[in-house]
Structures are given as structure tokens and as C-alpha cells.
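Observations on the model geometry
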Amino acid sequence: MGYGIKVLAQGPRACFTRPEMKAERVSYDVITPSAARGLIEAVYWKPAIRWHIDRIEVLNEIRFDTFRRNELGGKLSYRNAKAAMERGEEVWTAANDDRQQRATMYLKDVAYLIDAHFTLTEQAGEDDTVEKHYNIALRRLRKGQCFNQPYFGCREFPADVSIVEGAEERPVSFYAGSGERDLGFMLYDIDFDHDMEPQFFRASMRDGVIDVARAREAVVR
């Protein structure tokens, strides 16, 4: 196991869309492990390392809200747009002809404590040491640096990510002492080595904590 970190991620809105919902976006009750990993990778990622989520603590009460908005039903083809630009032609789409209204059920005022660690991959070179990447990740988290803006499921829902270190006072979960809560089957990750096959796990929250490391042993495809 590589060196571990603990980060606090919070924001006013989040939407971790359930894949079984085809037309409307409906969020899971909590952040998924893959989304949590994406938050950390937005801060620091290299081909030489891979982040693993060990524990997620839900700090705020799980609350939902909804809104509706106009969206386009499709998008321009990259190949067609590139060909048109090479020919010097204009590229456009008629929004009025492809407009549709969709509803989103999202989470309000979310905050999570995420425990994670990284391991070196097969692409690690001689100069890639655990200590090196751990110190870089710490420095970037302390300074608030990131490769791209971390977000909660949708890019329009930005996340504020900061590191929680030893002597700092840990926030108390709203669900502390509440016992166990079954969250049903949730998306664990996407297996890119096997044709982007989705992986799921039976999520259980005890006193606000989801033991992702233990759930990793019972992932189903």
C-alpha cells in the first residue's frame, strides 16, 4: 500500500447520476468511489500512480432538490466539425430544432471526508518513488492547486478540495451514532481494461462511514 491522504471535499450541489435512469438525471445518495477518485486525480495524477479510495465519510445530511433546464438532444460530431473547419466552412447547430427539457434530482450542500492511497503502476520509472509522488500530492493539496477544476459528478457542480492533516480537528458526521443504512447497489468503477465494463457494489453506511476498501472485495460486474 502507498502513502495515504485524507481530503475534505465540499460544495453546494452534486449529482452522481444513477446509470439506470435513462431520460432524467437522478443522483445516488452519496458520492461514488470513482467520483471520489476523480476529485483527487484532478488535483494530482500521473501515469506512474493509481489512486484507491479506502473510506468515505458523509458529513452533511443527505438532501435532494430538483430543477429543470433546456438542453440539446445531441452534439456536433468532432469528425464532421474538423472536416468543415479544414474546408473553411461554418460549423453550427440549430438549438431550437434539437432542444429538450430535462429534470435533474441533485444533492444539496454536500461534504465528504475521503481517505485514499496510491500505488505505483507498471508505467513507473526509476525516478518514480512513493515518497516523491506523496510529497507532490501534499504540496498541491496544501496550496489548492489542481490540473482541472474538481467537480461533483457534473462540471457545473464545482468541488472545493482540501487536505486534512494530523492535528486538525475532524468534522463530525451528521450520521454519527445513527447505525447502519443500506444505500443499495452503487457504481464502484469502470473497468477500462475490459471494454469499459461497469462494476457495482452493495453500499452500506455505518455511522456515516462507507468502508470502500472492504466493499472492493465484493464488487460485481
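Residues numbered from 1 in each chain as written. Predicted model: local features only at pLDDT ≥ 70, side-chain atom pairs only at ≥ 80, totals over all residues. Heavy atoms only, no water.

Brief notes about the confidence of the model for the chain
Per-residue confidence for the chain gives a mean pLDDT of 90; residues scoring 70 or more make up 98%. Least confident of the elements in the chain is helix H2 (residues 78-86), whose mean pLDDT is 84; most confident is helix H1 (residues 33-43), at 96. (pLDDT = per-residue confidence, 0-100. Helix = DSSP H or I, 4+ residues; strand = E, 2+ residues; numbered from the N terminus.)

Structural notes on helix H3 (residues 130-143)
The end-to-end C-alpha distance of H3 is 20 Å, a good match for the 20 Å that 14 residues give at a rise of 1.5 Å each. Of all the positions in H3, only His-133, Tyr-134, Ile-136, Ala-137, Leu-138, Arg-140 and Leu-141 are classed as buried. Where H3 is buried, its residues contact strand E1 (4-14), H1, strand E3 (49-58), strand E5 (99-120) and strand E6 (160-163). Phi turns positive, to about 75 degrees, at Gly-144, one or two residues after H3. (Expected span 1.5 Å × (residues − 1). Buried < 20%, exposed > 50% of the residue type's maximum accessible area, 1.4 Å probe, protein only. Contact = heavy atoms within 4.5 Å.)

Details of the pattern of salt bridges
Inspection of the entire model under this criterion finds 16 salt bridges. Of the charged contacts, one joins Arg-18 and Asp-29 as a salt bridge, the two residues approaching to 4.0 Å between their closest N and O atoms. Of this pair, Arg-18 sits in the loop between E1 and strand E2 (25-26) while Asp-29 sits in the loop between E2 and H1; the two residues are 11 residues apart in sequence, bridging distant segments of the chain. For Arg-55, the salt bridge identified is with Glu-57, shortest N-O distance 3.5 Å. Overall, the relative accessible area of 25% leaves Arg-55 in the partly exposed class. Overall, the relative accessible area of 8% leaves Glu-57 in the buried class. (Salt bridge = Lys/Arg side-chain N within 4 Å of Asp/Glu carboxyl O.)

Quick look at a nonpolar patch on the surface
Side chains of Leu-76, Met-85 and Val-91 sit close together on the surface and give an oily, nonpolar patch of about 300 Å² of accessible area. Take Leu-76: it is sitting in the loop between strand E4 (64-72) and H2. (Patch = residues over 30% accessible without salt bridge, like charges linked within 9 Å, V, L, I, M, F, W, Y side chains within 5 Å. Areas by Shrake-Rupley, 256 points an atom, 1.4 Å probe, with all protein chains shown as cover.)

Observations concerning the packing of aromatic side chains
In total, this model carries 9 aromatic pairs according to the counting rule given. Between Tyr-106 and Phe-157 the ring centres are 6.0 Å apart and the planes differ by 40 degrees, which places this aromatic pair in the tilted class. Residue Tyr-106 is found in strand E5, and its partner Phe-157 is found in the loop between H3 and E6; the two are separated by 51 residues along the sequence. Given a relative accessible area of 4%, Phe-157 falls into the buried group. With a centroid separation of 6.1 Å and an interplanar angle of 70 degrees, the aromatic rings of Tyr-112 and Phe-152 are classed as edge-to-face. Remark: Phe-152 occurs in the loop between H3 and E6 and Tyr-112 occurs in strand E5; sequence separation between them is 40 residues. Tyr-112 gets classed as buried once you look at its relative accessible area, which sits at 2%. These aromatic residues form a ring-pair network of at least three members: Phe-16, Tyr-112 and Phe-152. (Phe/Tyr/Trp six-rings, centres within 6.5 Å; stacked < 30°, edge-to-face > 60°.)

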